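Listed below are the residues making up each chain.
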Amino acid sequence: MELKSQFSEFLREIRPTDRQKEEWKTGSNTLRSRLAADRDLSGIVVATFLQGSIRRSTAIRPTGDKRPDVDVVVVTDIDCDKTTPQQAMDKFVPFLDRHYPGKWRAQGRSFGIELSYVDLDLVITALPTDPTSRQAMERLYRSNSVLTTSTIEDDMSWRLNERWQPTPFGVQPQLLEDAPSGNWRPHPLFLPDRDVGRWGRTHPLAQIQWTAAKNRACNGHYVNLVRATKWWRQQYAETLPKYPKGYPLEHMIGHVLEEGTSSMASGLVQVFETMRDKWRFEALVGKVPALADHGVPEHDVLKRLPLEDFRAFHSAITTAADQAREALECDDVQKSGQLWQKLFGGKFPLPGPNGGDRKPGFFTAPAQPAEPRRTERFA
């Protein structure tokens, strides 16, 4: 059974809480405000925006002593042809010492900032050096569609479009194109990689735009299917391999999920079974599949996935596909709930005595219009 009401409750339980949302907004907004006002950096910072699983609405609720983890991208006009990755990142060290003393650390391609209530990842990037594309991309990065703090799920009307504006009811005054009409996609940002000493290409806007479009094409189920699969992975963390997780897992789900998904239950079965069938040959012959990044096609998202981890993951997803299929096709409400709970753990609620999906024809139309009961008091 699809158990739609149970899935709705399950998703409420695994989403970040309202308090956690406020905490990551507070932490990221403070960081962005400080960057905009900094006397040394304000001259080179073009824009800042949110990326990562929180921006894409694919984050699950942190458990135990874990905190929300939010990525903040800083778009700069640093000339990556004349500046080394180390020199670019060194420009931000005085800022970090001023505002986050003892709380930051340098990472290969970013800075990690650890606060008591949120973990921030500060990602330094540079605009393309070609003057024409640079000018066009500056306008886009300074538009509300990029600067917004709303997630994909917060505002389903969001489009990567310079004309997009946040609205209180999520409805745009006019139909907007799904993405800018200009030639934006071939102009990714450049990311300093200190470990290898060179700049690499990255396109977080393309990932966000692709996710939003996919989610709409799947009736809003895509981001929730990612959350549910991440939660399943977390439930079986002791027996599952370390990878894939995070964005590579999210990308794999998007790669196999068919558009037009009608429910969480049917979507999960389709995702698990397609992963099982699509990559059975690769698992058999010992080959990790290659999946092109949405923004930088020459990047293979699964490049760092170890073969043994891929094989173990494929075996686990094969088992999960059988369990999900059995839960979906089970006609017994309680047993179906128990099977779904076996996949997702205690956060998945069991149906009540009269719970479960309503069968077709369950609703009986009234024979005549209802009339309110009249009393002398309200006559």
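Small disclaimer: the values here were computed from a predicted structure and weren't measured.

Reading the values: rules and limits
- Residues numbered from 1 in each chain as written.
- Predicted model: local features only at pLDDT ≥ 70, side-chain atom pairs only at ≥ 80, totals over all residues.
- Heavy atoms only, no water.
- Helix = DSSP H or I, 4+ residues; strand = E, 2+ residues; numbered from the N terminus.
- Contact = heavy atoms within 4.5 Å.
- Buried < 20%, exposed > 50% of the residue type's maximum accessible area, 1.4 Å probe, protein only.
- Pairing = 2+ DSSP bridges.
- Expected span 1.5 Å × (residues − 1).
- Core = buried A, V, L, I, M, F, W, Y, C linked by side-chain atoms within 4.5 Å.
- Patch = residues over 30% accessible without salt bridge, like charges linked within 9 Å, V, L, I, M, F, W, Y side chains within 5 Å.
- Areas by Shrake-Rupley, 256 points an atom, 1.4 Å probe, with all protein chains shown as cover.
- Salt bridge = Lys/Arg side-chain N within 4 Å of Asp/Glu carboxyl O.

Draft legend 1. Region of interest: the side chain of Q6. Looking at the secondary structure, you find Q6 in helix α1 (residues 4-14). Not counting residues up to four positions away in its chain, the partners in contact with Q6 are F348, P349, L350, P351 and G356.

Draft legend 2. Representation of the pairing of strand β5 (residues 119-126) within the structure. Within β5, eight of the eight residues are buried, leaving the element largely enclosed by the surrounding structure. Burial along β5 is two-sided: D119, D121, V123 and T125 and L120, L122, I124 and A126, pointing in opposite directions, are all buried. Note: strand β2 (residues 69-76) against β5, eight bridges, orientation parallel. Bridge pairing links D71 to D121 in β5. Strand direction decides the pairing type here: strand β4 (residues 111-114) and β5, joined by four bridges, are antiparallel. When the sheet's bridge partners are listed, F111 is paired in β5 with L122. Once β4 ends, the chain turns through four residues before running back antiparallel as β5.

Draft legend 3. Representation of helix α11 (residues 264-278). A rise of 1.5 Å per residue sets the reference length of α11, with its 15 residues, at 21 Å; its end C-alpha atoms lie 20 Å apart and thus fit the reference within 8%. Of all 15 residues making up α11, 11 are buried, and the element is well covered by its neighbours. Residues M264, A265, G267, L268, V269, Q270, V271, F272, E273, M275 and R276 constitute the buried set of α11. Here the buried face of α11 lies against α1, α9 (222-235), α10 (246-256), α12 (280-285), α13 (307-329) and α14 (333-344).

Draft legend 4. Seen up close, the nonpolar core. If you look at the biggest cluster of nonpolar residues, it comprises 51 residues, and the most contacted ones within it are F7, W232, L268, M275, W340 and F344. Those elements giving two or more residues to this core turn out to be α1, α9, α10, α11, α13 and α14. For this core, the element with the most residues is α13, which contributes nine residues. When near neighbours in sequence (up to four residues on either side) are disregarded, W340 contacts M1, L3, F7, A265, L268, V269, A324, A327, L328 and F348. Among the nonpolar cores identified, the runner-up in size contains 29 residues, and I44, V45, L115 and W199 belong to it.

Draft legend 5. Up close: the pairing of strand β1 (residues 45-51). Burial within β1 is extensive, with seven of its seven residues counted as buried. Pairing analysis gives six bridges linking β1 to β2, with the strands arranged antiparallel. Pairing of L50 across the sheet is with V72, part of β2.

Draft legend 6. Geometry of unusual backbone geometry. For the bond from Y243 to P244, the omega torsion is 5°, close enough to zero to count as cis. Within the secondary structure layout, P244 lies in the loop between α9 and α10. At S57, a position not held by glycine, the phi torsion is positive, near 65°. Of note, S57 is situated in the loop between α3 (52-55) and β2. One non-glycine residue, N219, lies in the positive phi region at around 60°. Topologically, N219 is positioned in the loop between α8 (204-217) and α9.

Draft legend 7. Summary view of a nonpolar patch on the surface. Together, F281, L284 and V285 make up a nonpolar patch on the protein surface, roughly 350 Å² of accessible area in all. Here F281 shows up in helix α12.

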